[in-house]
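Fold and contact review
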Amino acid sequence: MAISANPADPKRSRAVLIGVGDYKDPELSALPAVRNNLEDLASALKDPGLWGLPEEHCVLLPDPIESSEVAAVLDETAREAEDTFLVYFAGHGLVDGPSGELVLATRGTQRSRPRYTGTPYDWVREIVGRSRAQRRVTILDCCFSGRAAQAMADPSSVVIGQIDIEGAYVLASSPANSLSIAPLDARNTAFTGGLLQVMRDGVADGPPHLTLDDLYQHTLLSMVRAGRPTPTKLGNDMIGDLPLVRNAWTGLRRLLAGRRRPPAGERPPAGLHAGVRLAVSVVRSALGPTGMDAPTALDRATGDGAPLRQDHGVDLVRRTMTAMRRDFGDGSATAAVIMGELIDGVERCLESGADSDSVTAGIERDTAVALRELGALALPGRGPERTGRAVATALGDDETAALVVTAAEQAGASNVEVVHARAESTPRTPDGDAASRPSAAELTVVGRLALDTRIVAPNATSGPLTLHDPYVLVSPDGKTNGTDLVRFARRAGGPLLIVAPRISIFDVRSLLRAFADSVVVVRPVDSGFDWNALDARVGSRLVPGQTLGKAARALITADTTTVIGLTGDPRPESGRVQVRVSGPPNGVEEHMAVRALAIVRAVTGSGTVPGGGTALYRAARALPHDGSLLKGALGAPLRQLVRNAGHDAAAVCASLDDGLGRGPAEGFDVTTGRLTDLEQAGVLDSLAMARGAVEHAVAMALRYVELTCPARDAPQ
């Protein structure tokens with residue numbers, strides 16, 4: 001699909017804003033700020049000074065009770081959108097324990113039974129992915145409370161594997177962190193409030209229109225500087241770079257907006273700078289091919305009885321590393337080293353009497369330059385080999401990681417997810433020898449069948465209907481083996497979906513008595529429909545003389561039927577591919593697969609740059625003045641990599657400076673100890689990771705300024 005680079009046309013766009021703040025289940029806490037979210041976001045989208053979305057094109061859905069209500073509105077609106085289709089959800093997000101399925105809670109959702117009482121995210125994903133709109137945007141302001149975040153393995157990344165949508169841009173508030181989603185003293189939830197602030201205030205000295213990436217980057221800064229959970233994004237950079245809303249910034253708006261700072265006189269956490277320096281010193285030694293995992297090293301150094309205590313400075317480093325590992329699968333140590341170097345520079349400037357606002361403004365200005373330069377350093381061309389090399393650069397030659405790359409080749413990166421196979425396996429530790437570790441993962445196809453249909457029965461329903469764990473019966477002549485089907489239903493139970501051109505009402509009634517859960521009949525609308533192909537897709541013969549198969553879910557709307565998880569469907573292109581990992585839950589195999597998938601998505605969405613810290617080093621050279629704090633910080637990862645490999649950093653940097661003109665991928669390969677073409681050597685990083693390392697390091701450095709400056713200025 002060709003995508004226009006012009007600003008989004010509000011007349012050809014649609015938005016659906018869903019918010020659930022009131023729940024029948026007492027185990028789901030009320031979120032009163034959610035209703036304000038809907039009103040305020042709708043007001044911003046309809047503001048002629050920002051986007052100007054017509055009133056009738058912005059649909060608000062407050063406190064829907066059933067999932068069918070959500071699916072119906074989404075399905076109808078998706079078909080109307082031509083330029084941009086934006087879907088927003090605020091409320092509780094749950095993860096079904098047995099299936100690992102992500103569910104968006106409606107008002108009638110029961111926490112103990114999310115899968116059967118809430119809105120499966122699969123349906124949102126399906127409807128958004130099916131829209132013909134050029135820009136498709138999904139914004140989730142919810143916590144995924146079924147997954148408890150752990151310091152570095154971060155199983156919430158498995159949830160990230162479910163929310164990605166091919167050809168769309170997904171912005172999520174906090175994939176695993178249920179804290180501070182709705183501050184009690186605020187009008188809006190934390191993430192939506194930050195997003196609205198960026199939209200209303202704009203970006204100083206920014207472009208006339210803000211792109212999706214602009215909104216993400218500045219919301220990230222706002223959230224981190226305020227000490228809120230770190231948002232994440234998924235999406236192809238081509239979509240992220242497209243202009244969406246007008247930049248509302250003016251000098252007056254900036255003046256009125258002010259800077260968010262802790263109250264004057266509040267003291268910063270004791271030992272803040274010392275904690276950052278100590279944590280970064282641990283991480284530095286793990287940067288590069290040292291055989292150490294930096295987050296694991298930090299965990300060990302800050303564990304019970306360890307010499308490095310759990311203080312606020314350590315937490316700043318840990319948060320940076322967790323966000324990098326979650327979003328990009330790599331670069332956690334790189335971002336921490338940049339952050340440490342930058343905070344050291346900030347501390348020197350502030351101690352010498354520099355104005356904190358000037359320091360902050362200089363860092364923000366240089367960040368914009370560095371991010372543009374990194375984009376210019378992207379290597380031409382993409383493909384499976386380049387993706388595989390980026391994964392190998394980060395994780396080594398690991399069989400589980402290679403399996404994830406294979407899955408992405410088969411089905412596309414956004415159609416791969418990692419699930420735990422719950423099989424017995426010998427426990428392994430994260431610091432084991434990855435090269436000698438046998439693979440404990442396999443690929444499983446989760447088929448997806450999409451048909452243009454009309455609902456035949458129940459005849460009073462126009463949809464949408466949701467069936468969980470349905471049986472699927474294909475009957476080209478409309479006949480059913482009633483006796484055997486009824487006997488099977490009494491034994492198996494569950495709902496039944498029948499695909500047939502017609503069917504006897506008497507057969508439907510007899511089957512309804514047997515399949516007590518539900519019976520739905522649909523007919524294909526295409527007169528030339530290939531019944532043989534459908535028969536082959538369903539495949540199973542659970543009842544003699546009938547094509548009867550099992551599926552995971554079915555969504556039936558007025559115009560379409562989508563079946564997910566058909567057993568035996570052999571074609572990856574028909575749906576999603578699961579990388580099923582055995583071993584202990586959240587063990588090393590799952591950890592490796594999740595990281596590999598994050599890297600694959602980052603490479604697929606953004607492309608690659610020369611690895612080994614080279615791209616960051618080159619971006620630093622583009623900064624306009626030697627006094628730039630960011631300039632020295634961006635060169636720190638390369639220098640540390642060289643030192644860790646046993647080489648002279650000063651000599652290598654001098655050689656690299658002399659050789660920068662020899663090629664766009666010229667850099668230092670620490671494994672060979674030579675300057676070489678890193679593209680040919682296969683030493684590659686994702687552009688998204690390099691940009692993310694800068695964004696997250698800068699965001700945390702500005703958070704450091706927020707925490708320290710009021711105490712410096714307070715009267716003694």
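Residues numbered from 1 in each chain as written. Predicted model: local features only at pLDDT ≥ 70, side-chain atom pairs only at ≥ 80, totals over all residues. Heavy atoms only, no water.

In terms of regular secondary structure, the chain is built from 25 helices and 24 strands. Out of the 716 residues belonging to the chain, those deemed buried represent 58%. Restricting the contact set of the chain to residue pairs at least 6 apart, pairs at least 24 apart contribute 78%. For the chain, the accessible surface area stands at approximately 28000 Å², while carbon and sulfur atoms represent 50% of it. (Helix = DSSP H or I, 4+ residues; strand = E, 2+ residues; numbered from the N terminus. Buried < 20%, exposed > 50% of the residue type's maximum accessible area, 1.4 Å probe, protein only. Contact = heavy atoms within 4.5 Å. Areas by Shrake-Rupley, 256 points an atom, 1.4 Å probe, with all protein chains shown as cover.)

This part takes up the packing of helix 6 (residues 190-201) against helix 7 (residues 212-225). Look at helix 6 against helix 7: their axes get within 9 Å of each other, and the N-to-C directions meet at 120°. As judged from the angle between their axes, helix 6 and helix 7 are oblique. Taken as a pair, helix 6 and helix 7 cross one another with a handedness that is right-handed. Across from A190, F191, G194, L195, Q197, V198 and M199 in helix 6, the residues of helix 7 making contact are L215, H218, T219, S222 and M223. Classifying every residue of the contact of helix 6 with helix 7 gives seven nonpolar, five polar and no charged. (Axes fitted to C-alpha atoms, helices over the stretch in contact; angles between N-to-C directions. Parallel < 35°, antiparallel > 145°, perpendicular 65-115°, else oblique. Left-handed = near helix turned anticlockwise from the far one by under 90°. Nonpolar A, V, L, I, M, F, W, Y, C, P; charged D, E, K, R; others polar.)

Now for helix 10 (residues 272-284). Between its first and last C-alpha atoms helix 10 spans 18 Å; for 13 residues at 1.5 Å apiece the expected length is 18 Å, and the two agree. Every buried residue belonging to helix 10 is among L272, H273, G275, V276, A279, V280, V282, V283 and R284, and all of these are buried. (Expected span 1.5 Å × (residues − 1).)

Bringing helix 19 (residues 531-538) into the picture now. Turning to helix 19, its buried residues are W531, L534, R537 and V538. Projected onto a plane normal to the axis of helix 19, the buried residues spread over an arc of 120° and lie on a single side. Opposite the buried face of helix 19, by more than 90 degrees, sit the exposed residues N532 and A536. Summarising the contacts, the buried residues of helix 19 are in contact with strand 12 (441-457), strand 14 (471-474), strand 15 (496-499), strand 16 (519-524) and strand 17 (547-550). Measuring from the backbone nitrogen of N532 back to the side-chain oxygen at the start of helix 19 gives 3.2 Å, which picks out D530 as the cap. G539 lies just past helix 19 and shows a positive phi near 75°. (Arc of directions from axis to C-beta. Polar contact = N/O pair within 3.5 Å; in protein donor to acceptor, adjacent residues only side chain to side chain.)

For the structure shown, the criterion picks out 30 salt bridges. In this structure, the salt-bridge partner of R12 is E82, at a minimum N-O distance of 3.2 Å. Pair noted here: R12 is in the segment before strand 1 (14-19) and E82 is in the loop between helix 2 (67-80) and strand 3 (84-95), with a separation of 70 residues, a long-range link. Its relative accessible area of 32% is what places E82 among the partly exposed residues. Because the salt bridges share partners, they merge into one network encompassing D75, R79, E126, R130, R454 and D559. (Salt bridge = Lys/Arg side-chain N within 4 Å of Asp/Glu carboxyl O.)

Here we take up the packing of aromatic side chains. Considering all chains together, one arrives at two aromatic pairs under this definition. Arranged with centres 5.0 Å apart and planes meeting at 75°, the rings of F529 and W531 form a pair that is edge-to-face. Per residue, the accessibility class of F529 equals that of W531, and both read buried. The ring of Y471 is capped by K550, whose NZ or CZ atom sits 5.0 Å from the centre of that ring. (Phe/Tyr/Trp six-rings, centres within 6.5 Å; stacked < 30°, edge-to-face > 60°. Lys NZ or Arg CZ within 6 Å of the ring centre and 35° of its normal.)

L17, L45, V317, L374 and L634 are the most contacted members of the largest nonpolar core, which has 109 residues in total. When residues of this core are assigned to their parent elements, the largest contribution, 16 residues, is made by helix 25 (residues 687-713). Setting aside chain neighbours within four positions, we find L374 in contact with V609, A615, L616, A619, L687, A690, R691 and V694. (Core = buried A, V, L, I, M, F, W, Y, C linked by side-chain atoms within 4.5 Å.)

Before going further, it helps to examine unusual backbone geometry. Cis geometry marks the peptide bond from A457 to P458; its omega dihedral reads 0°. With respect to the helices, strands and loops of the structure, P458 is situated in the loop between strand 12 and strand 13 (465-468). Of note, D63 is a non-glycine position whose phi angle comes to about 50°, a positive value. Tracing the chain through its elements places D63 in the loop between strand 2 (58-62) and helix 2. Phi angles above zero are rare outside glycine, and D469 is one such case at about 55°. By relative accessible area, D469 is classed as partly exposed at 24%.

What follows covers the environment of A665. Structurally, the position occupied by A665 is in the loop between helix 23 (649-659) and strand 22 (666-669). With eleven residues separating them in the primary sequence, A665 and T676 have C-alpha atoms 8.1 Å apart.

Any region with low pLDDT has predicted coordinates that should not be read closely. For the chain, the average pLDDT comes to 82, and 84% of its residues sit at 70 or higher. When the criterion is pLDDT under 50, residues 145-156 qualifies, and its contacts beyond four places in sequence or with other chains add up to 35 contacts. Counted against residues more than four places away or in other chains, residues 251-266, with its pLDDT under 50, gives 29 contacts. (pLDDT = per-residue confidence, 0-100.)

Turning our attention to the packing of helix 1 (residues 33-46) against helix 6. Orientation of helix 1 relative to helix 6, taken along the N-to-C sense of each, is 20°, at an axis distance of 11 Å. It follows that helix 1 is roughly parallel to helix 6 by the angle criterion. Handedness of the helix 1/helix 6 crossing: left-handed. For the pair helix 1 and helix 6, the contacting residues are N37, D40, L41, A44 and L45 in the first and T192, L196, M199 and R200 in the second. Its residues assigned to classes, the contact of helix 1 with helix 6 shows five nonpolar, two polar and two charged.

Turning to the environment of S43, a few remarks are in order. When you line up the elements, S43 lands in helix 1. Owing to a relative accessible area of 43%, S43 belongs among the partly exposed residues under this scheme. Counting along the chain gives twelve residues from S43 to E55, while the straight-line C-alpha distance between them is 9.4 Å.

Before going further, it helps to examine the side chain of D75. Mapped onto the secondary structure, D75 falls in helix 2. Accessibility expressed as a relative area gives 6% for D75, which makes it buried. What D75 contacts, discounting residues up to four positions off in sequence, is I127, R130 and T557.

With that out of the way, let us pick up the environment of R326. Within the secondary structure, R326 is located in helix 12 (residues 312-328). When the C-alpha positions of R326 and A598 are compared, they lie 7.3 Å apart, and in sequence the two are 272 residues distant.

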